[in-house]
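Okay, here's what each chain looks like letter by letter:
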Amino acid sequence: MNWDDTTDTPAAERLVDSVAGGEDQAVEAALRPKDLGEFIGQEKVREQLDLVLRAARARGATADHVLLSGAPGLGKTTLSMIIAAEMNAPIRITSGPAIQHAGDLAAILSSLQEGEVLFLDEIHRMSRPAEEMLYMAMEDYRVDVIVGKGPGATAIPLELPPFTLVGATTRAGLLPPPLRDRFGFTAHMEFYEPAELERVIHRSANLLDVEIEADGAAEIAGRSRGTPRIANRLLRRVRDYAQVKADGLITRDIAKSALAVYEVDARGLDRLDRAVLEALLKLFGGGPVGLSTLAVAVGEERETVEEVAEPFLVREGLLARTPRGRVGTPAAWAHLGLTPPRSTATGNGQQDLFGA
């Protein structure tokens, strides 16, 4: 059970949003695993990270700098806390957007204790001057603090105690190569399989003192988009439904009924996702259609459709982005129970549709 570019869009209010809101952050603090043994999923990452940390402890040294990449909600923040716990070290948490000047970073670095873990979330959004200062801090454990301006400016070297930087990013491609190369260990967090999410849900249910049957956990897991954070959020909403409408026990039928109330379907699509697909298929015959036109059709901003709805629809194989516009796939027609127009069902029509 594990969690973690937020946008100023309606996504912040969606039940299937992978970005944590205020309530999520409070609940996650209580549900987070405390060591690698409790951490569910990400088997390869766990195994590799365990070797890195064990070796560092055996040498009596600080652990190498760690870069964690992957979608929100997969456990990057949780792993950073586990790294600190495994190394028996304190942890300092900040984020890239909060560091807009090199002086901001210098103030944080100069106050670190020896062996401390510095967790820098959304590291790709840090300012360039701070980023360049970080190069030297990671490699040589020193920074040059500039005093004064213009020709009279003086660089004062400041020695830093050894520390471990854990950087987290949802967009690893935006990190410059010099920064990526300074991390001793990099890991990419994958989406979870339903069986792993079932284990997450059972563990969370136990911590929340919720009774849940195996088929109820499977139903929730199948709608959780491969993301533990979403699984935990859906579990809490189904728990509420079970307490009000039933005897508190979560079964498959109770989970189905609860998630129908919250408009999360069997594949994890919510109202916005289905609105995009229905507009694409019903109004535009499956496309291709431009993004702006599609956004107007569903009454949302272009950025909301592109950044909030599309990534999951593309990952599920329900929508495709082509040079000519957005198109619905055969799986999308099947999911909504619609019959595709004859032109999209033929071989030639399908080739034209996908811009081939």
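To start, this report covers the structure provided alongside it. Here, residues in each chain are numbered from 1, in the same order as that chain's written sequence. Totals for whole chains, interfaces and linings use every residue, but because this is a predicted model, local features are given only for residues with pLDDT of at least 70 and side-chain atom pairs only at 80 or more, for both listing and counting. As a rule here, side-chain values cover all heavy atoms of the structure and leave hydrogens and water aside.

### With respect to the overall build of the protein chain
- A tally of helices and strands in the protein chain yields 16 helices and 9 strands.
- Here the protein chain, with 356 residues, has 49% of them falling under the buried criterion.
- Accessible surface, the protein chain: about 16300 Å² in total, of which carbon and sulfur atoms supply 50%. Numbered from the N terminus, helices here are DSSP runs of H or I no shorter than four residues, and strands are runs of E no shorter than two. The rule is simple: take the accessible area with a 1.4 Å probe, protein chains only, and divide by the maximum for that residue type; under 20% is buried, over 50% is exposed, in between is partly exposed. Computed by Shrake-Rupley with a 1.4 Å probe, the accessible areas treat only the displayed protein chains as cover when residues are assessed.

### Let's talk about helix α12 (residues 291-298)
- Considered for burial, the residues of α12 that qualify are Leu291, Leu294, Ala295 and Val298. End-on view of α12: buried residues confined to an arc of 100°, all on one side of the axis.
- Of the residues trailing α12, Gly299 is marked for its positive phi of about 70°. By arc we mean the arc of the directions from the helix axis to the C-beta atoms, nothing more.

### Notes on the sheet that holds strand β2 (residues 91-95)
- Two strands make a pair as long as DSSP finds a minimum of two bridges between them. Within the open sheet, the 5 strands sit side by side as β2-β3-β6-β1-β7. Their pairing is parallel. Of all strands in the sheet, those bounded by a partner on one side alone are β2 and β7 (185-188). Sheet twist, expressed as the average angle between the axes of neighbouring strands with direction ignored, equals 15°.
- Across 4 bridges, strand β1 (residues 66-69) lies against strand β6 (residues 164-169) in parallel orientation. Looking across to β6, one finds that Val66 is bridged to Val166.
- The strands touched by helix α3 (residues 76-86) within the sheet are β1, β2, β3 (117-121) and β6, with β3 carrying the most contacts at an inclination of about 175°. Fitted lines through C-alpha atoms serve as axes, helices being fitted only where they are in contact, and the angles separating the N-to-C directions of these axes extend from 0 to 180 degrees. Contacts are residue-level and defined by heavy atoms, with any inter-residue pair within 4.5 Å sufficient.

### Concerning unusual backbone geometry
- Despite not being glycine, Arg225 shows a phi value in the positive range, around 60°.
- The residue Arg225 is located in the loop between α8 (214-222) and α9 (228-245) in this model.
- The phi angle at Glu263 is positive, at roughly 60°, despite the residue not being glycine.
- Tracing the chain through its elements places Glu263 in the loop between α10 (252-261) and α11 (271-283).
- For Glu263, a relative accessible area of 40% corresponds to the partly exposed category.

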